[in-house]
Amino acid sequence: MINRALIALASLLITAGCSRTAQKPVALKATATGAALVELSGGKQIGYTGMPLDQPVVVQVNGANGSAVTGAAVYFSGPAGVLFTPAAALTDSSGQVTTNISLGSQAGRYRLTASTRDASGKSIQLEIDEVALGYQQTVGAQLNATYCIRCHDPESTPQRVSNMDNLAVKPHPFTEGDTLNKMSDAELTAIITHGGSALARSNLMPAWGYTLSKSEIAALISYIRAVADPPYQAGGLVYARK
Amino acid sequence: MKNTFLQFWRFFFGDSGRAFGSASLVLLVLLAIAPAKNYFNQWHRYQKQYLHLIRGRADAVTLERHFEPGIQQIWLPDQQVTDRCTTCHLGLKEPSLVDVSNVAFRKHPVIPHSLTDFGCTTCHRGQGAATTVEEAHNATEQWEQPILPAKYIEAGCGQCHLEKLTGTPFLNEGREIIARYGCTHCHAIKRPDGTSIQPDDDPPSLLHIADKTSRDWVFAWIKDPQSYASTATMPNYHLSDDDARDISAFIVAQSTPMQPPLALLKPDASPDIAAGTSLYGQSFCASCHAMQNAAGMMVGGNVGPELTGIGTKAKPEWLQDWVSNPDHYDPNTMMPRYRFDAKQIGLLVGFLESKTEPDFVANVHLDPATLQQIEHGQRLVMENGCASCHEINGIKKPENFAPELSRIGSKPLNQLAFAADVKHTLHDYIGAKVGNPRAFGPSLKMPQFKLTPTQIDEVTTALLAQTDRAFTQPPTMRIASVQQTKYKPAGSAGKIMHEVRCFSCHTINGYGGDMAPDLTYEGTAVQREWLVQFLKNPETLRPALIRRMPKFNFTDAEINTLTDYMLTVYQTSDFDRDSIPTSDLTLAMADQGKQLFYSKFGCQGCHIADFATDKGYIGPALAGTGKRFNAAWVYHWLKDPQALRPGTIEPKQHMTDEEARNLTAFLMSLKSTGAKGAAK
């Protein structure tokens, strides 16, 4: 009797605990099933903690023959704090589902999952990565927009023409994780602070150590780490064992 | 019944031994209540969980040493902070706990403030003194201060930071939207430093509106401003056809003719649109005005109104008058008075008149207005507070037309009337009011602004920063907003500078716009001959910019006046502009400077010294430095650019005096004429 009451209490507590973070699953009546789930747009966006992403995520369900499937149920899920509007939907006439996403309060990378079921009931999953910038990375993003982006971003906009093509040695775009992830924070700090000439690298990189403060350079590096693709994995602190 | 009681009594208190035993037992239980309550407390559970978590980690010893059991408190009496949050949030200061998935124990993200100096609730809100999760984070009946969602967290910063802070783009944008959409024409928003948010949308005066446009256009505009210009900031009042008819009748009826009246239009039988288009381009009208191009893309700035349908809106006589002298219609406009000749005015008017949106007024058919309609229109204009923004004959600007929002971020919920479907939180209330005000009742006066969901969040963030705490905390915590000075240049040069509206784009002595460089020290920087040529025919200094200095068609006398004034008045007191004569700069120095330019400092990455070889596209081209600048300015600029122009992105290089001198020698030896190079 007491055992049963305890189990009931525990399950009540667990469900109460869960309902705080997870969105209630929506039951959908799918009229069709697909064989593949593909991302059309909206992945790898750089947003801010707690804020909606600029672009919605659009996924498409395809059948075995590669054509779009209408009426298949697609469910979205993600870490605590991520909000999807809607969290589940049936594919429209072009086989697509569009959802608006608001990221959680933790800065960093979010792995979101879209899923649907195939004819045999097996789950097909698609992973979509997004980045949320916290305070420090936001400072870095703003400094990047003021000082760095003109040379380090190959894209031009009407307001901002890229200078990258004019440079004899091409700078690394900050998203270029393959190269930048191999460099330690200390190396990046040194290059930003002292410039290329002092470190036998391209002299086109000026020294910023007399213009930017130490905390600003740290913020820039946190931004570079946040947007790296493939993602940057910090070595973390290593302590001596007991 | 009595028997049972007696039995019970005897069992426990039958003899002295039993009585003593029972009393002791009761006392023991009573004494145990307090420690038991403590033991079963929620925060105690969190501390046990935390210990469990850290004991499994590599750095357990360090973490355990930092752990202090019991209720923790940050107490800052002068900031009204009594925060016990750290009782459960135990890992906030532990760098190694950055990867913990449980938000309660995770390290706080990097911010420039120390937790012990500022507390938690200062930024996050919530009930600092509470010791249960529910009471600390959510609003209760006694305490109405729920935790601020992460989305609006920059509102916390905005309580002290009244300036534009680098790390708070949403708060900054929210404040800018409030100014740009003129919210403060109706709602006063005072700030803790004694200033208030000033509108910068400059709504046009309607005193002579009938000279400018037709009643049909006024009707269609007030029905739906965005259908005329998608960038319009005027909100939609959701007026019925009858109300719009009556308001347009009154607006046109109250209008008086301009003094002196508009000149007759010099008709141009076949306007040369192509020549007008190129004059529009050469005059850099697009620096301020946007226009939709053939592909439907909006091209141009947002300082002035969008001109896509200007031909439908403005009468040709008015355009002719406006282009030749904007002051005549609106003395407070930001639009410069270009010195156009009659032919140029004709070309521009022809071009602008060709930019029509006939569909906008196609379905407007208004009968002549009756006296009754005009009177009804006047009443509507007064009820809707049109005069809060616009100057209107016979109607005074209403005082306090809408509630003051200085402390809206601390408004108690029981003072708010919520619309259906709006969650009972302050941020949801503000968001709904900004985004869809008429949902609160069709009779409410607040109009519908055209804002995206992100813009609504930004405005909400800026409003949530207007809290009681912001006003009551120690003034030393405040970082004041940067206010424009009241600087005004004097004399005949001042008059010319006012006419061409230098201050719409340039800042001098803390007053003016931010579109173009600060000219406070321009007199120290440049050579007279260069400035004369530049004013005559502005060359492109920065190849990558779309917004450029227009050609104002000055007379030689005007240029002389302006140049004399600028060279005399706009000087720095830090050094003399003639302190480094070019004769001191030798060829050998220039050679060394060239080495420094191309190798050590890599200046060619951003600047062009030689149009044949360099491609740098960020800073100004330097090929004509020797003709443009004074050597002393170049030298001091190289030593410390930010000292001469705060905020410039040119990095300070910490050069030695010799390096700076050699580089100056090299740059001063560059005397190519810029215009030829810029054309490349």
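The shown structure was predicted, so the numbers you read here are calculated from the model rather than taken from an experiment.

## As for the overall build of chain A
Looking only at helices and strands, chain A has 5 helices and 9 strands in total. Ordered by position from the N terminus, the helices and strands of chain A form the series α-β-β-β-β-β-β-β-β-β-α-α-α-α. Burial statistics for chain A: of 242 residues in total, 35% are counted as buried. By sequence separation, contacts in chain A at least 24 residues apart represent 58% of the contacts at least 6 residues apart.

## Quick word on the domain arrangement of chain B
Residues and elements named next belong to chain B. As far as domains go, chain B holds domain 1 (2-37), domain 2 (42-147), domain 3 (169-200 + 404-477), domain 4 (209-379), domain 5 (491-569) and domain 6 (582-679). Once you take the C-alpha centre of each, domain 3 and domain 4 turn out to be 32 Å apart. Between domain 3 and domain 4, the residue contacts involve 8 residues of the former and 6 residues of the latter. In the side of domain 3 that touches domain 4, the residues fall into 3 nonpolar, 2 polar and 3 charged.

## Digging into the interface of chain B and chain A
If you look at the interface, chain B gives 36 residues, while chain A gives 36 residues. The set of elements that each furnish at least two residues to the side of chain B that touches chain A consists of α4 (60-66), α21 (453-464) and α28 (587-600) of chain B. When the residues that make up the side of chain B that touches chain A are grouped by side-chain class, the tally is 19 nonpolar, 12 polar and 5 charged.

## A word on the sheet that holds strand β4 (residues 73-77) of chain A
Residue and element names in this part refer to chain A. The strand order β2-β9-β8-β4-β6 describes an open sheet built from 5 strands, whose pairing is mixed. Of all strands in the sheet, those bounded by a partner on one side alone are β2 (46-48) and β6 (88-90). Adjacent strand axes in the sheet meet at a mean angle of 30°, parallel and antiparallel pairs treated alike. When β4 meets strand β8 (residues 108-117), the two strands line up antiparallel, connected through 3 bridges. Residue pairing for β8: S77 is matched across the bridge by T113.

## Focus: unusual backbone geometry
All names here are of chain A. In this structure, the amide linkage connecting T85 to the following residue, P86, adopts the cis form with an omega of -5°. Structurally, the position occupied by P86 is in the loop between β5 (83-85) and β6. Cis geometry marks the peptide bond from D229 to P230; its omega dihedral reads 0°. Residue placement: P230 occurs in the segment after α5 (214-227).

## Quick notes on the pairing of strand β9 (residues 123-133) of chain A
All names here are of chain A. Note that β2 and β9 share 3 bridges and pair parallel. In the sheet register, I46 faces β9, and the bridge partner there is V131. As paired strands, β8 and β9 are joined by 10 bridges and run antiparallel to one another. When the bridges of β9 are listed, G108 appears paired with A132. Between the antiparallel neighbours β8 and β9 lie 5 residues, among them G121 with a positive phi of about 90°.

## Considering the sheet that holds β5(A)
All names here are of chain A. A sheet is described by the order of its strands in space; here 4 strands give the open sequence β1-β3-β7-β5, paired in antiparallel fashion. The sheet terminates laterally at β1 (36-41) and β5, the two strands that pair on one side only. Taking each pair of neighbouring strands and ignoring which way they run, the sheet shows an average axis angle of 35°. As paired strands, β1 and strand β3 (residues 57-62) are joined by 5 bridges and run antiparallel to one another. For V38, the partnering residue across the bridge sits in β3 and is Q60.

## Concerning the environment of Y617(B)
Residue and element names in this part refer to chain B. Locating Y617 in the fold gives a position in the loop between α28 and α29 (625-628). Assessed through the 22 C-beta atoms surrounding it within 10 Å, Y617 is described here as buried. Considering only alpha carbons, one finds Y617 and Q604, 13 residues apart in sequence, at a separation of 8.9 Å.

## Looking at the environment of L148(B)
Residue and element names in this part refer to chain B. In this structure, L148 sits in the loop between α7 (133-137) and α8 (154-158). The spatial distance from the C-alpha of L148 to the C-alpha of I345 is 56 Å, given a sequence separation of 197 residues. Not counting the four nearest positions on each side in its chain, L148 is found in contact with H124, R125, I153, A155 and G156.

## Re the domain arrangement of chain A
Residue and element names in this part refer to chain A. The assigned domain composition of chain A is domain 1 (24-133) and domain 2 (135-227). Centre-to-centre, using C-alpha coordinates, domain 1 lies 33 Å away from domain 2. Listed as interface residues are 5 residues of domain 1 and, on the opposing side, 5 residues of domain 2. Elements with a minimum of two residues in the side of domain 1 that touches domain 2: β2 and β9. Its residues assigned to classes, the side of domain 1 that touches domain 2 shows 5 nonpolar, no polar and no charged.

## A closer look at the confidence of the model for chain A
Residues and elements named next belong to chain A. Mean pLDDT over chain A stands at 85; residues scoring 70 or higher make up 86%. By mean pLDDT, the top-scoring element of chain A is helix α4 (residues 185-194) (95), and the lowest-scoring one is helix α1 (residues 2-19) (48). Under a pLDDT of 50 for its full length, residues 12-22 has, in the predicted model, 2 contacts with residues more than four places off or in other chains.

Thresholds applied
- Residues numbered from 1 in each chain as written.
- Chains lettered and ligands numbered in written order.
- Predicted model: local features only at pLDDT ≥ 70, side-chain atom pairs only at ≥ 80, totals over all residues.
- Helix = DSSP H or I, 4+ residues; strand = E, 2+ residues; numbered from the N terminus.
- Buried ≥ 20, exposed ≤ 12 C-beta atoms within 10 Å, placed from the backbone.
- Contact = placed C-beta atoms within 7 Å.
- Domains from an automatic or database assignment.
- Nonpolar A, V, L, I, M, F, W, Y, C, P; charged D, E, K, R; others polar.
- Pairing = 2+ DSSP bridges.
- Axes fitted to C-alpha atoms, helices over the stretch in contact; angles between N-to-C directions.
- pLDDT = per-residue confidence, 0-100.

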